[in-house]
Amino acid sequence: MSTPAAGAAILAPRRSSRFVAWVRAWRAGLVPFDEVADAVAGTEEHLVADAPGTWKDVSLREALPTLAKLSPDEIRLVLPAPGDPRGLPGPGDFAGAALLAGEAVIAGALGLIPEVRVHTSGSGDTFETVLWRTHPLPADAPAACLTLPGAAEAEAELAAALADTTAALTRLDVAQWRPELAGALEALRRPDGTTDLPPGFDPRSRRLFARAAVLDRVLALAGHAAPGGAVNNYEAQQRDAALRPLTAACRQALVAACNAPLRP
């Protein structure tokens, strides 16, 4: 029987990261248009709301041509968090929604944010659809992302944060609170195609994305309250403080990998 931990462990990486990686590769001429929507969506249904020239929600495949005139460098991933709005174009509806979601895409004059909607069928089965909500952006929005760290800097920061956090979590004995983390990490190490970047990304970016994508999913599990109330408020605060630097470094690693320069 699958456990909640096991379910959390096999969740897909952030949807915005796959959107940015594959759409950038398409705009660079490295993957055909027909592959992009399927690569981004995987087994989910993805729709787009408020896309230019539309009056209703349309499929991701129908909406992608609105990005056909953009260069790869105009399509950027942002993973903001409270207190860390790096990459956002400034205050506004898009910035507020991106902070709430924890992820977003900047594509020229548009911002896109995924909203996950859970549905229940008549037989009681649940399934999800993803709605990409489109926001108009200020003209200078793409430039706001260009000061983020590159892959080399992000890789060094991630390695340092991982070492520090591992030591802190060992002292806090987090394994006793969440023993299933070891199994979750092992499950995430199994190849499933969700930590691969499309053609055009260099080996450093691929390595950084694969490592950060795994850590990002494990951190999401580690940050949840342990079942049965095994962690009190003080212990939870210690855990969160220990995880915070690694979580920030992990976000920036994903951003740096997905926004890295592409080459044929």
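Residues numbered from 1 in each chain as written. Predicted model: local features only at pLDDT ≥ 70, side-chain atom pairs only at ≥ 80, totals over all residues. Heavy atoms only, no water.

**Remarks on the nonpolar core**
Among the nonpolar cores identified, the biggest contains 51 residues, and Phe 19, Leu 64, Leu 67 and Leu 158 are the most heavily contacted of them. In contact with Leu 64, other than residues within four places in its own chain, are Phe 19, Val 23, Trp 26, Phe 33, Val 36 and Ala 37. Val 78, Phe 94, Ala 95 and Leu 137 belong to the second-largest nonpolar core, a separate cluster that totals 9 residues. (Core = buried A, V, L, I, M, F, W, Y, C linked by side-chain atoms within 4.5 Å. Buried < 20%, exposed > 50% of the residue type's maximum accessible area, 1.4 Å probe, protein only. Contact = heavy atoms within 4.5 Å.)

**Section: the environment of Ala 107**
Relative to the helices and strands, Ala 107 is located in strand 4 (residues 104-107). Residue Ala 107 is classed as buried on the basis of its relative accessible area of 2%. The spatial distance from the C-alpha of Ala 107 to the C-alpha of Pro 136 is 9.9 Å, given a sequence separation of 29 residues. Excluding anything up to four places from it in sequence, Ala 107 contacts Leu 67, Leu 70, Glu 74, Ile 75 and Leu 112. (Helix = DSSP H or I, 4+ residues; strand = E, 2+ residues; numbered from the N terminus.)

**Section: the pattern of salt bridges**
Applying the stated rule across the entire model yields 11 salt bridges. Here Arg 15 ties to Glu 44 by a salt bridge, and the two come within 2.6 Å at their closest N and O atoms. Here the residue Arg 15 occupies a position in helix 2 (residues 15-27), and Glu 44 occupies one in the loop between helix 3 (33-41) and strand 1 (45-49), the gap between them amounting to 29 residues. The partner of Arg 207 in a salt bridge is Glu 155, with the nearest N and O atoms 2.8 Å apart. Placement of the pair is Arg 207 in helix 9 (residues 203-222) and Glu 155 in helix 6 (residues 151-172), with a sequence separation of 52 residues. Using a relative accessible area of 44% as the deciding quantity, one classes Arg 207 as partly exposed. Given a relative accessible area of 18%, Glu 155 falls into the buried group. (Salt bridge = Lys/Arg side-chain N within 4 Å of Asp/Glu carboxyl O.)

**Here's the deal with helix 2**
For helix 2, spanning 13 residues, the distance from its first C-alpha to its last is 18 Å, which sits close to the expected 18 Å at 1.5 Å a residue. A large share of helix 2 lies buried, amounting to 12 of its 13 residues. One or two residues past the end of helix 2 sits Gly 29, with phi positive at roughly 80 degrees. (Expected span 1.5 Å × (residues − 1).)

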